[in-house]
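What the coordinates show
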Amino acid sequence: MSEHTSTGPAVPVAAPETEMIPTSQPAPTPAAQAPAQPAAVPAPAQPAPHVAGPVTTTDGQLSVHPADAAYLPSTAGTPQSARDADKPYVTIVLPCFNEAAHVLQEIDRITVAMNSSEFTYELLCIDDASTDDTLEVLHQAARDYANIRVMPFRRNGGSGTARRIGTQQAHGEIVVWTDADMTYENERIPELVRILRDDPSYDQVVGARTTEEGTHKWARVPAKWLIRKIAEKLSNQTIPDLNSGLRAFRREVSLPYLRLLPPGFSCVTTITLAFLSNQHDIKYVPTSYAKRAGVSKFHFVRDAYRYILQVLRMVMYFDPLKVLMPPALWLVVIGVVKALVDMVRHPFYFPASTVLLIVSGIMIGSLALLSDLVVRSRTGV
């Protein structure tokens, strides 16, 4: 809600119905009886109450959300005029948590690749409340490299929180996500950006890994394959790599989906399924994947469980019929077949198990239809 000032006679400004602000207009004074008075200024409108969701300015930029203010220092906000002054084309979001030993090497690799390209860019390094010397290394790198912007968090929020806030605060039209652990081919970032620039039909480009070099490889490979197949089945899309951390996408397209990102590693899975579920084309570029530098923050059992939940959550959010209707129909069909068998064996006698199968199927099917109705009636994402 904006404030209006006038140099002429005072004009009352009507406030919205939810914020009725009484304004009074002084009676006009004849010029012959009293000297001219300064024009009255209407009372400023009170700020609207906070509601959940991203805070968007008039030009589509996202300011710091109040819920995210706990992560950022008080000096982290950038005036809008400064943001608009000289926007780069690419913003590379680099979350860092206890990466002091090798983050400078990663920064050098990224800057060399981007400096030799045709793109203007900024490297947004987010220190996720590291307990080692990562923040000091980043501040020193910001003094040595011209295109680095450091954003320190006051508390640890996870890679998903870092990527979400980094995307919201990005200045570039194209946002690149990658890691600071020397695993991804970050020298190929200009190649990913070039695809988006030259082909407007794609909204995201993902570096699809052809090898697996992470910890617990014996368990990660079959688990990732199973989760990827579930995601492909539920989304009706071929997904070569569901959770690659190297990707470039159009910032404007991603803004409505940022609030869906979880704080952990499954944020990359979420942004993939959000784009696919809303008919945004994704191009997959084969890339290699190196052994991680430093200590992995990935916990196999906990994070694999979160991956599965996030896949189901995202498909339920966009297309609940694919999750709920198949089991509902199977329960009804099994119940009807069992009822026919029971009818033959014991005429007009149906055990409780038969009734439970049919009733459960009907209830789940009704829930599926109701969920689909809610999704289709939703005005936002």
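Residues numbered from 1 in each chain as written. Predicted model: local features only at pLDDT ≥ 70, side-chain atom pairs only at ≥ 80, totals over all residues. Heavy atoms only, no water.

**A closer look at the environment of Asp179**
- As for its position among the elements, Asp179 is in the loop between β4 (174–177) and α5 (189–198).
- We classify Asp179 as buried; its relative accessible area is 18%.
- Residues Asp179 and Pro95 lie 84 residues apart in sequence; the distance between their C-alpha atoms is 6.5 Å.
- A distance of 2.4 Å separates a polar atom in the side chain of Asp179 from a polar atom in the side chain of Arg163. (Helix = DSSP H or I, 4+ residues; strand = E, 2+ residues; numbered from the N terminus. Buried < 20%, exposed > 50% of the residue type's maximum accessible area, 1.4 Å probe, protein only. Polar contact = N/O pair within 3.5 Å; in protein donor to acceptor, adjacent residues only side chain to side chain.)

**With respect to a nonpolar patch on the surface**
- Nonpolar side chains collect at one region of the surface, where Phe350, Val355, Val359 and Met363 lie side by side and expose about 360 Å² of accessible area between them.
- With respect to the helices, strands and loops of the structure, Met363 is situated in helix α11 (residues 352–377). (Patch = residues over 30% accessible without salt bridge, like charges linked within 9 Å, V, L, I, M, F, W, Y side chains within 5 Å. Areas by Shrake-Rupley, 256 points an atom, 1.4 Å probe, with all protein chains shown as cover. Salt bridge = Lys/Arg side-chain N within 4 Å of Asp/Glu carboxyl O.)

**What about the sheet that holds strand β1 (residues 90–96)?**
- If you walk across this open sheet you meet the seven strands as β3-β2-β1-β4-β6-β5-β7, and the pairing is mixed. Each edge of the open sheet is held by one strand with a lone partner, namely β3 (148–152) and β7 (281–287). On average, adjacent strands in this sheet sit at an angle of 20° to one another, irrespective of strand direction.
- Note: strand β5 (residues 202–209) against strand β6 (residues 247–250), three bridges, orientation antiparallel. Bridge pairing links Val205 to Ala248 in β6.
- Running at roughly 155° to β1, helix α4 (residues 158–168) makes contact with β1, β2 (121–127), β3, β4 and β6 of the sheet.
- Sitting on the sheet, α5 touches β1, β4, β5, β6 and β7, and the angle it makes with β5 is about 150°. (Pairing = 2+ DSSP bridges. Axes fitted to C-alpha atoms, helices over the stretch in contact; angles between N-to-C directions. Contact = heavy atoms within 4.5 Å.)

**As for unusual backbone geometry**
- The phi angle at Met182 is positive, at roughly 65°, despite the residue not being glycine.
- Mapped onto the fold, Met182 is located in the loop between β4 and α5.
- Look at Met182 and you get buried, because its relative accessible area is 17%.
- A positive phi angle is found at Asn236, which is not glycine, with a value near 55°.
- For Asn236, the position within the fold is in the loop between α6 (217–235) and β6.
- For Asn236, a relative accessible area of 57% puts it in the exposed group.

**A look at the pattern of salt bridges**
- Using the criterion set out here, one finds 16 salt bridges in the structure.
- Note that Asp241 is salt-bridged to Arg209, the shortest N-O span being 2.8 Å. Separated by 32 residues along the polypeptide, Asp241 in the loop between α6 and β6 and Arg209 in strand β5 bring together distant segments of the chain.
- With a relative accessible area of 6%, Asp241 lands in the buried category.
- One connected set of salt bridges, linked through shared partners, spans Glu118, Arg194, Arg197 and Asp198.

**Here's the deal with the pairing of β4**
- Of the two faces of β4, the one carrying Ile174 and Val176 and the one carrying Val175 and Trp177 are both buried.
- Sheet analysis places β1 next to β4, joined by four bridges and oriented parallel. Considered in β4, the bridge of Val93 is made with Trp177.
- Across four bridges, the pairing between β4 and β6 is antiparallel. If you follow Trp177 over to β6, its bridge partner there is Arg247.

**Brief notes about the packing of helix α2 (residues 103–115) against helix α3 (residues 134–144)**
- Taken N-terminus to C-terminus, the directions of α2 and α3 make an angle of 30°; their axes are 10 Å apart at the nearest point. As the angle between them shows, α2 and α3 are arranged roughly parallel. Note on packing geometry: the crossing formed by α2 with α3 is right-handed. Every residue of α3 that contacts α2 at Val103, Leu104 and Ile107 is listed here: Val137, Leu138 and Ala141. (Parallel < 35°, antiparallel > 145°, perpendicular 65-115°, else oblique. Left-handed = near helix turned anticlockwise from the far one by under 90°.)

**Considering the side chain of Lys224**
- Within the fold, Lys224 resides in helix α6.
- Judged by its relative accessible area of 18%, Lys224 is buried.
- With residues near it in sequence (within four places) discarded, Lys224 still touches Arg209, Glu212 and Asn243.

**Topic: the confidence of the model for the protein**
- Confidence along the protein averages 80 in pLDDT terms, with 73% of residues attaining 70 or more.
- Note on residues 1–53: pLDDT under 50 across the span, and 35 contacts to partners over four residues away in sequence or across chains.
- This stretch, residues 75–82, has a pLDDT under 50; its non-local contacts, to residues over four places away or in other chains, come to five contacts. (pLDDT = per-residue confidence, 0-100.)

**A look at the nonpolar core**
- Counting residues in each nonpolar core, the largest one holds 40 residues, and the members touching the most others are Phe153 and Trp177.
- Taken together, the elements giving at least two residues each to this core come down to β2, α4, β4, β5, α6, α8 (267–277), β7 and α9 (300–318).
- The dominant element in this core, judged by the number of residues it contributes, is α8, at seven residues.
- The contact partners of Trp177, leaving out residues within four places of it in the chain, are Val93, Arg163, Thr167, Gly245, Leu246, Arg247, Phe249, Leu261, Cys267, Val268 and Ile271.
- The next biggest cluster of nonpolar side chains, apart from the first, holds 33 residues, and it includes Val103, Phe119, Ala141 and Ala248. (Core = buried A, V, L, I, M, F, W, Y, C linked by side-chain atoms within 4.5 Å.)

**Some thoughts on the packing of aromatic side chains**
- What the rule picks out here adds up to six aromatic pairs.
- For the pair Tyr317 and Phe318, a centre-to-centre distance of 5.0 Å together with 80° between the ring planes defines the contact as edge-to-face.
- With relative accessibility at 13%, the residue Phe318 sits in the buried group.
- Members of the aromatic cluster, joined through ring pairs, are Trp177, Phe249, Tyr257 and Phe275.
- One cation-aromatic arrangement involves Arg209 over Tyr289; the distance from NZ or CZ to the ring centre is 4.9 Å. (Phe/Tyr/Trp six-rings, centres within 6.5 Å; stacked < 30°, edge-to-face > 60°. Lys NZ or Arg CZ within 6 Å of the ring centre and 35° of its normal.)

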